[in-house]
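Structural description and commentary
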Amino acid sequence: MATEHMIVMAGTDERDLTKLAEYEAIGGYGALVKARAMSPNAVIDEVVASELRGRGGAFFPTGRKWSFVPKPEQNPNPHYVVVNADESEPGSFKDNEIMARVPHRFFEGCLIAAHAIESKNVFVYIRGEYTGPYEILLGALKELEARADLRGDVTIVLHRGAGAYICGEETALLESLEGERGQPRTKPPFPAVQGLYASPTVVNNVETLATLPPIIEMGGAEYAKLGVPDSRGTRVVSISGHVERPGNYEIENGTSMRELIYDLGGGIPGGRALKAVIPGGSSTVILKGDEIDVGYDFNSLLNLNTAMGSAGVVALDDRCCMVQLGIRISEFYEHESCGKCTPCREGTRWMTQILRRLESGEALQSELDLLLAVCDRINGKCLCPLGETAAVAVASYVEKFRAEFIAHVEQSGCPFGDSSPLHDVVAPVAVAHSASSAVPA
Amino acid sequence: MSAAETVTLTIDGIAVDVPKGTGLVEAALAAGIEIPVFCYEPRLGPPVGACRMCLCQVEPGPPKPQAACTLTAQDGMVVRTALTSQIAADAQNATLEFILVNHPLDCPVCDKGGECPLQDLTFRYGPGNTRMTFPKRTFEKPIPVSPLIALDRERCILCYRCTRFSEGVAEDGQLVAVNRGAGSMIATFGDEPYRAPFSGNVIELCPVGALTSTTYRFEARPWEIQAVPTVCGMCPVGCNVNATTREGKVKRILSRNHPEVDDGWLCDKGRFAYAHLHAEDRLRDPILRVRRRGFEEVSWERALDEAERLLREANGRIVTALSGSETVEQAYALGKLLRRGLGAHTAFFPEEMSDALDAYRVPLSAIRDADVVAVLGDGPVIERAPVVELWIKEARRRGARVLYELDEEAVRGADRAILVWCGPGGHGGATVASLAQRLGASGAFYIPDTANGRGVCDAWSCSDDAESPSPDPVGLLIVSGDEAAANPVVRALAEKAERVIVISMFQGLAAGWADLVLPGTSYLERDGSYVNLEGRIQRLRRTVIPPVPDELAWISKLAERFEVELPPYPSLVFEEVSAIAFGGIPFGEIGERAPLPAATGTSDPIELPIEPTPGDHGLRLVRYRPLFSGPAVDRVPQLGFQRPQPEAELSEQDARSRGIRNGEEITIRSNGTSVTLRVRLSRELRPGVVRIPEDFAGDLPPSVEISK
């Protein structure tokens, strides 16, 4: 059942929850008071019971992540809560709206997390381009800081990123926060043990944290009644691309993807056919238009070899060229590769080169195999998931739309040409594709 | 000592026991198996896992190949390298394919070709052909990173060894990576020249031909060179080096890692100053002062006749000024000739040396493991013994407290405290030895001004037992070596001496004031031994034949004329010294990587010498000879840019109390003389001291006032 604004976004239809007073009027910060009356371990247990899993993309159980953090008596260094608000995945824009509309619920979640891991310091690493949400957070933080009873002895710092997708990878985020180049670290050690300033650190996504106050309020067990096994609760999903009503929708996990696209999204404009769906942001394996009769949850998508990722659902209609999509995605990852590890730095560039040649119609059939070989040689060899997801995503376009790629070779050009409406969908291209002479009339 | 805890793991089917905490690369090596690497270099700090060359199958672990360099050996671990795992072999092959897609493959004209890890690993693990058909990424090249280093960004494989060295070892922070992804490249911060005392190490660290030495570029191919193992003679550390020679010329100096002495690092002086061998004013023939006509070049036979005449005419009223850069054998030979043959026992040493320190003898690497390091004496360690500064930096990174002012409580309270004396005074090490004894330090060092000051003192003193009063007036002054010839005190002595013989490599240093100049040799041209600041006896090897007879050969000939028995062979001379001073170890057993003689225990209290105290008011001026100065550096134009800036160092406290900020100009004055210099605030200077390179200190006295 697709319902809106049930947990994370609750109350936003009726009130302006960016105001502390409004938020308190609906019981805001009550969960914090409740959590603080509990022991840190009891809070962790409650979150474990909720079966909440990270909303940033990796879907790691939040309570378990917290339980890896050494107790202060085991590690006397300061403990840190770091918020990954560097939402940059093409197709995902949910954290943007969460921060803009329920900043206090988000901060309340931060303070609950801080209590759970006994931290006095919260760093919010927010994407540099998110100027709107940043201003709203700033205002909300000002209100919060004036309230010693709520803030307690916790310091919250807003830190703006400088426009690097890689800084959404948690260890690169920590490097950047420390003032270093934003490049991932090797793991282990994991941030829980050695994170920010080599101290115990929890890195959580915005939505994950904004889900905490309702969980504490209603109890973990109650929250776990929502959703389906392994995917409990709700999810704020960004629906975009070729749909009538693009936007963020809070859904119960397990809601069918067809419902997302055709009910919430209002279907494909002009009654066109759905060709493909990117289910969880640019880094996930693509689904064909006929693969959407499936629940939007971890296990259902895993069965299709893909994932909810950061919940960016991108619908593509039947006019879209999959090679052009590949170029967009590959260029994005090439541009955003940090350059630290070899396969990603060199491989994403090579992928783009091959894809451009395919699109131009100059490629040989063998280069399609070369493209897959390059993807295969990147996948599983990189330091962090950036390069790997680029390879997996692009390889899935070839795998699922192989005939279309072969048509580019056989027709010596793109069958779609300029008519492929990918402009403003997914990611911008650095160089516009060249329309070939073989464009059908 | 209890046996270290070990773990057992299997690598390609071979079970191997290694100490707990051993990295997989080393563990594989213990099993005789290579895990190929580019970015991995333990001396640069924690592994970064960037290049992905070391991918192996590791169980337990995720199903994909793991970067072995980032893992440590665990009990029961099963590692499969490219030897036994197709997954690992494919992964390593993939890494090389990716590295090579944009590599220019200009191996035939690349200086690294033939000694290049990228070539070697491609040969063993890489693809034999290329599937890349697109134009390669190009960059402007070569980029002059400094007058010493050229950067080829196309060859660079972005292993970040150089930037990690700059940031994490030398801590100069000048080499950085800029841009992102495939556009990443190495650059200097702000595109300024890489001006730092250890810059040359990045050339050796570079696993490809991206960073090359401007002095070695296009000079030789690896199969037409020889490597001669010797030690550097430029400072008292005695870093172990290999001299690369081709057709009888030294072409470059490389490190020959001695893990207790230098950990494989060299300073730029040690690395690049070899070019002084080919200086334009290098003396090849003896020079004799001839009345009216001035000077003339004479044959060695004539020169030795003249030397004999001068020695006899002086009638024993002879003073010998030593440089501290002679080999043990040269100093002993001079001593034996002059003292036994002529009864001339008076010598002028560049500095005092004490053997009290022998009780606190530890390897330099002990600094790294200390928890408190006290650097005393107010002198800049980096200028006198650069590699010692790297050990101190590493100690600090590992959590040691580094003090620049004696804190007796801190030293007493430490498990492992090391004292280092660097600067004027210090009584040749007696001061730190006494402090070490009183405070219970576990080791102490004195950094002398000269490369072999200790060895020269020992050699001179065991060349004879007799003593004589200092002659007045001096009949003959013998100036041994370039450092002595450049020393103002020695020059003042020469003014008063009736006759002067100078042994020097360079015309510019000796001509004009000596009656006889005998051409000298460089440390790179001598066979013999040096004693470094630890008290380690190290072997110097003749890397190239000098253009002049070596000192030992002609001293031996001269000795014959005075009926002093002196073999012309360093091995035999060394054994005479060794029997008295070095416990009788034979020359042949000094070794390639010399061990440190055991500390000599002492229970007698070492008297604390009295150090001069500065006046009641004002600051103590410490003037020092900068690293990049001296007769050899003066003759290497490429090192010109490394010369010291006109700066005065000041502690933050003294600056704050006078309202002086970093970079401002200050005037340092005393008794009517003054100099104006830019100020650089230093955390490595205690309050009450101002430090200035000697070139800029003018004739300021030891106690000065400063103002803006």
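All of these numbers come straight from a predicted model, not from anything done at the bench.

Below, the discussion takes up the overall build of chain A. Counting its regular elements, chain A contains 19 helices and eleven strands. Relative to the 2.2 N^0.38 estimate, which gives 22 Å for 441 residues, the radius of gyration of chain A is 22 Å and therefore close to what a compact globule would have. On the principal axes, the C-alpha backbone points of chain A span a range of 70 × 45 × 35 Å. Among the 441 residues that make up chain A, the fraction classed as buried is 58%.

Let us now look at the overall build of chain B. A count of helices and strands for chain B gives 20 helices and 32 strands. The C-alpha radius of gyration computed for chain B amounts to 28 Å, which stays within 12% of the reference 27 Å derived for 708 residues, consistent with globular compactness. With respect to the three principal axes, the spread of C-alpha positions in chain B is 85 × 60 × 55 Å. Every one of the 708 residues in chain B was classed for burial, and the buried ones make up 51%. Long-range contacts, defined here as pairs at least 24 residues apart, represent 70% of the contacts in chain B between residues at least 6 apart.

A few words now on the environment of Asp358(B). Residue and element names in this part refer to chain B. Note on placement: Asp358 falls in the loop between β17 (346-348) and β18 (372-376). It is 39 Å that separates the C-alpha atoms of Asp358 and Glu705, two residues lying 347 residues apart in sequence. Setting aside anything within four residues of it in sequence, one finds Asp358 in contact with Gly535, Ala599 and Thr600.

Between chain A and chain B, the contact holds 22 residues from the first and 28 residues from the second. Counting only elements with at least two residues in the side of chain A that touches chain B, the list comes to α15 (322-336), α16 (342-360) and α17 (365-378) of chain A. Residue contributions to the side of chain A that touches chain B peak at eight residues, all from α16(A). Here the residues of the side of chain A that touches chain B sort into six nonpolar, eight polar and eight charged.

The subject of this paragraph is the sheet that holds strand β4 (residues 66-67) of chain B. All names here are of chain B. Read across the open sheet, the five strands follow the order β2-β1-β5-β3-β4; overall the sheet is mixed. What marks the edges here is a single partner per strand, and that holds for β2 (14-19) and β4. Relative to strand β5 (residues 78-80), strand β1 (residues 6-11) is paired through two bridges, and the arrangement is parallel. Looking across to β5, one finds that Ile11 is bridged to Val79. Of the strands in this sheet, β3 (55-59) and β5 touch helix α2 (residues 86-101), which is tilted by about 150° from β3.

A word on the environment of Gly248(B). You can see Gly248(B) is positioned in the loop between β12 (240-246) and β13 (249-255). Through-space distance from the C-alpha of Gly248(B) to that of Tyr332(B) is 28 Å; in sequence the pair is 84 residues apart.

For the rest of this paragraph, the subject is the nonpolar core. If you look at the biggest cluster of nonpolar residues, it comprises 353 residues, and the most contacted ones within it are Val277(A), Leu419(B), Val420(B) and Val479(B). Contact partners of Leu419(B), with chain neighbours within four places excluded, come to Ala374(B), Leu376(B), Val432(B), Leu435(B), Ala436(B), Ala441(B) and Ala444(B).

What follows covers the packing of helix α6 (residues 103-116) of chain A against helix α11 (residues 206-218) of chain A. Residues and elements named next belong to chain A. The geometry of α6 relative to α11 is characterised by a closest axis approach of 7 Å and an angle of 80° between their N-to-C directions. If you check the angle between α6 and α11, you find them roughly perpendicular. Contact residues: Arg105, Phe106, Glu108, Gly109, Cys110, Ile112 and Ala113 in α6; Val206, Leu209, Ala210, Thr211, Leu212, Pro213 and Ile216 in α11. Among the residues making up the contact of α6 with α11, the classes are represented as ten nonpolar, two polar and two charged.

All names here are of chain A. Over its 14 residues, α6 extends 20 Å from the first C-alpha to the last, a length consistent with the 20 Å expected when each residue adds 1.5 Å. Where burial is concerned, most of α6 is hidden: 14 out of the 14 residues are buried. A positive backbone phi angle near 55° is found at Glu118, which sits one or two residues after α6.

Another point: the confidence of the model for chain A. Per-residue pLDDT for chain A averages 94, and the proportion of residues at 70 or more is 95%. The model gives residues 430-441 of chain A a pLDDT under 50, and that stretch makes 21 contacts with residues more than four places away or in other chains.

Moving on: the sheet that holds strand β19 (residues 401-403) of chain B. All names here are of chain B. Taken in spatial order, the four strands of this open sheet run β19-β18-β20-β21, and their pairing is parallel. At either end of the open sheet lies a strand with only one pairing partner, and these are β19 and β21 (443-446). Across the sheet, the axes of successive neighbouring strands diverge by a mean angle of 15°, strand direction being ignored. Here strand β20 (residues 417-421) runs beside β21; their pairing, made up of four bridges, is parallel. Following the sheet pairing, Leu419 is matched in β21 by Ala444. Sitting on the sheet, helix α12 (residues 430-439) touches β18, β20 and β21, and the angle it makes with β20 is about 160°.

Before going further, it helps to examine unusual backbone geometry. Omega for the bond connecting Pro188(A) with Pro189(A) falls within 30 degrees of zero, at 0°, which places this linkage in the cis form. The linkage connecting Asp472(B) with the following residue, Pro473(B), adopts the cis geometry, with an omega of 0°. Relative to the helices and strands, Pro473(B) resides in the loop between α13 (453-461) and β22 (476-480). The phi dihedral of Tyr197(A) falls on the positive side, at around 50°, and the residue is not glycine. Structurally, Tyr197(A) is set in the loop between α10 (191-194) and β4 (201-205). Residue class for Tyr197(A) comes out partly exposed when judged on the 13 C-beta atoms lying within 10 Å of it. Even without being glycine, Asn315(B) reaches a positive phi, approximately 55°. Within the element layout of this structure, Asn315(B) appears in the loop between α7 (300-313) and β16 (318-321). Given 13 C-beta atoms within a 10 Å radius, Asn315(B) is considered partly exposed.

All names here are of chain B. Within β22, five of the five residues are buried, which leaves the element mostly enclosed by the surrounding structure. Residues Leu476, Ile478 and Ser480 point to one face of β22 and Leu477 and Val479 to the other, with burial holding for every one of them. Bridging between β22 and strand β23 (residues 499-504) involves five bridges; their strand directions are parallel. Across the sheet, the residue bridging to Val479 is Val502, located in β23.

Reading guide: rules and limits
- Residues numbered from 1 in each chain as written.
- Chains lettered and ligands numbered in written order.
- Predicted model: local features only at pLDDT ≥ 70, side-chain atom pairs only at ≥ 80, totals over all residues.
- Helix = DSSP H or I, 4+ residues; strand = E, 2+ residues; numbered from the N terminus.
- Rg over C-alpha atoms; globule rule 2.2 N^0.38 Å.
- Buried ≥ 20, exposed ≤ 12 C-beta atoms within 10 Å, placed from the backbone.
- Contact = placed C-beta atoms within 7 Å.
- Nonpolar A, V, L, I, M, F, W, Y, C, P; charged D, E, K, R; others polar.
- Pairing = 2+ DSSP bridges.
- Axes fitted to C-alpha atoms, helices over the stretch in contact; angles between N-to-C directions.
- Core = buried A, V, L, I, M, F, W, Y, C linked by C-beta atoms within 7 Å.
- Parallel < 35°, antiparallel > 145°, perpendicular 65-115°, else oblique.
- Expected span 1.5 Å × (residues − 1).
- pLDDT = per-residue confidence, 0-100.

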